[in-house]
Amino acid sequence: MTPTRTETISLTDGRELTLTVAEPENAVRGGLVVLHEARGVTDTVRGLVGSLAAEGWLAVAPHLYDEVSDDEVPAKVSGLSGEAVLADTDVAFVWLGQRGVSADRMGVMGFDLGGSVAMVVAGSRTVGAAVTVGGGGILEPLSAGLPSLVEVAAELTCPWLGLYGDDAEIPVSEVEKLRDAAASAPVATDVVRFARSSHRFDTTPEASAEAWQRALNWFDSHLR
């Protein structure tokens with residue numbers, strides 16, 4: 001796994017945005033914006049960023065908010081807005097562009113909360129591909145400032161892959177409705193369900209390995 005580091009970007013509105021980044025040691029295949037879980041940029045997220053860099057991807061995770069405890073998660077998630085999320089991910093895409101990554105070689109990936117947000121980004125920005133690993137908000141928005149994912153599905157602007165585990169947090173019926181909605185998008189889409197929860201890459205070895213490989217294959221196929 002490639003080591004990560006943080007950078008702080010000063011924004012035009014006076015805010016500062018922290019980025020966790022990792023760079024490949026050799027040739028860069030493309031760039032991926034990684035969107036974090038509900039608790040923020042945790043060790044798991046940093047590990048994901050480093051692992052993507054080890055596969056040749058320039059990876060950058062914008063901190064949509066600071067890392068929080070489980071008790072603080074509901075308040076943070078309910079306060080998210082699509083406008084703020086897109087503004088922060090735009091900064092990450094600009095960061096990639098400044099390092100020579102063209103828009104057709106940029107992708108977005110997220111898990112848990114970040115999986116939902118990744119799909120919102122894929123419905124609003126023109127990038128090369130997107131991968132969602134779990135995340136709620138399929139039928140009912142996660143916050144008043146975000147759309148439901150079934151609303152976003154038909155508006156997808158890039159190839160999108162959804163990876164979901166069959167667990168109580170995200171009912172199978174909702175995942176199937178998302179599959180049907182995404183099928184109407186004018187781009188390639190796919191939804192894969194796993195017998196055990198794989199909304200994070202630290203679950204069962206079999207599900208984790210398959211989810212990871214499917215995500216890598218999706219980016220390999222569409223970011224050229």
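Reading guide: rules and limits
Residues numbered from 1 in each chain as written. Predicted model: local features only at pLDDT ≥ 70, side-chain atom pairs only at ≥ 80, totals over all residues. Heavy atoms only, no water. Core = buried A, V, L, I, M, F, W, Y, C linked by side-chain atoms within 4.5 Å. Buried < 20%, exposed > 50% of the residue type's maximum accessible area, 1.4 Å probe, protein only. Salt bridge = Lys/Arg side-chain N within 4 Å of Asp/Glu carboxyl O. Helix = DSSP H or I, 4+ residues; strand = E, 2+ residues; numbered from the N terminus. pLDDT = per-residue confidence, 0-100. Contact = heavy atoms within 4.5 Å. Pairing = 2+ DSSP bridges. Axes fitted to C-alpha atoms, helices over the stretch in contact; angles between N-to-C directions. Right-handed = clockwise from strand over helix to strand, strands pointing away. Polar contact = N/O pair within 3.5 Å; in protein donor to acceptor, adjacent residues only side chain to side chain. 1 Å grid on protein atoms, 1.4 Å probe; cavity = no way out; pocket = protein on both sides within 12 Å on 5 of 7 lines; lining within 4 Å. Points joined across faces, edges and corners; volume = space filled by probe spheres on them. Nonpolar A, V, L, I, M, F, W, Y, C, P; charged D, E, K, R; others polar.

A. Representation of the nonpolar core within the structure. By size, the foremost hydrophobic cluster in this structure holds 50 residues, and its most contacted members are Leu96, Val108, Trp160 and Tyr164. One finds Leu48, Met109, Val192 and Phe219 within the second-largest nonpolar core, a separate group that totals 29 residues.

B. Structural detail: the pattern of salt bridges. Tallied over the entire structure, the rule returns 13 salt bridges. Its salt-bridge partner being Asp220, residue Arg29 comes within 2.4 Å of it at the nearest N-O pair. A residue pair is termed long-range when its members are at least 10 positions apart, and Arg29 in the loop between strand S2 (16-22) and strand S3 (30-35) and Asp220 in helix H7 (residues 205-222) qualify at 191 residues. As a salt-bridge pair, Arg39 and Glu37 come within 3.2 Å of each other at their nearest N and O atoms. A relative accessible area of 0% places Glu37 in the buried class. The network of salt bridges with common partners includes Arg5, Glu7, Glu23 and Arg99.

C. Highlighting the confidence of the model for the chain. Overall, the predicted model of the chain reaches an average pLDDT of 92, with 94% of residues at or above 70. Low pLDDT (under 50) marks residues 197-202, which in the prediction has 27 contacts with non-local residues, meaning those over four places away or in another chain.

D. Geometry of the sheet that holds strand S1 (residues 5-10). Across the sheet, which stays open at both edges, the 8 strands sit in the order S1-S2-S4-S3-S5-S6-S7-S8 with mixed pairing between neighbours. At either end of the open sheet lies a strand with only one pairing partner, and these are S1 and strand S8 (189-194). For this sheet, the mean inter-axis angle between neighbouring strands, taken without regard to orientation, is 20 degrees. Seen against the sheet, helix H4 (residues 113-122) touches S3, strand S5 (106-111), strand S6 (129-133) and strand S7 (160-165) and runs at an angle of roughly 150 degrees to S5.

E. Highlighting the pairing of strand S4 (residues 57-62). S4 sits mainly inside the fold: 6 of its 6 residues count as buried. Across the two faces of S4 the burial is the same, with Trp57, Ala59 and Ala61 and Leu58, Val60 and Pro62 all buried. Two elements, S2 and S4, share 4 bridges in a ladder whose sense is antiparallel. Looking across to S4, one finds that Ala22 is bridged to Ala59. Taken together, the 4 bridges between S3 and S4 define a ladder with parallel strand orientation. Within S4, the position partnered with Gly30 by the bridge is Trp57. As a crossover connection, the stretch from S3 through helix H1 (residues 43-54) into S4 is right-handed.

F. The side chain of Thr132, seen in detail. Of note, Thr132 is situated in strand S6. Judged by its relative accessible area of 0%, Thr132 is buried. Here the side chain of Thr132 touches Trp160 through a polar contact of 2.9 Å, side chain to side chain. Discounting chain neighbours no more than four positions away, the residues touching Thr132 are Gly110, Gly115, Ser116, Ala118, Met119, Trp160, Leu161, Gly162, Leu163 and Tyr164.

G. Expanded view of the pairing of S3. Of all 6 residues making up S3, 6 are buried, and the element is well covered by its neighbours. With 5 bridges connecting them, S3 and S5 associate as parallel partners. What sits directly across from Val33, in S5, is Val108.

H. Inspection of empty space enclosed by the protein at higher detail. Overall, the coordinates contain 1 cavity of 30 Å³ or more when judged by the stated rule. Of the pockets and cavities examined, the largest cavity occupies roughly 40 Å³. In this structure, the largest cavity is lined by Ser116, Val117, Val120, Gly136, Gly137, Leu142, Leu146, Pro147 and Leu149. Partitioning the lining of the largest cavity into residue classes produces 6 nonpolar, 3 polar and no charged.

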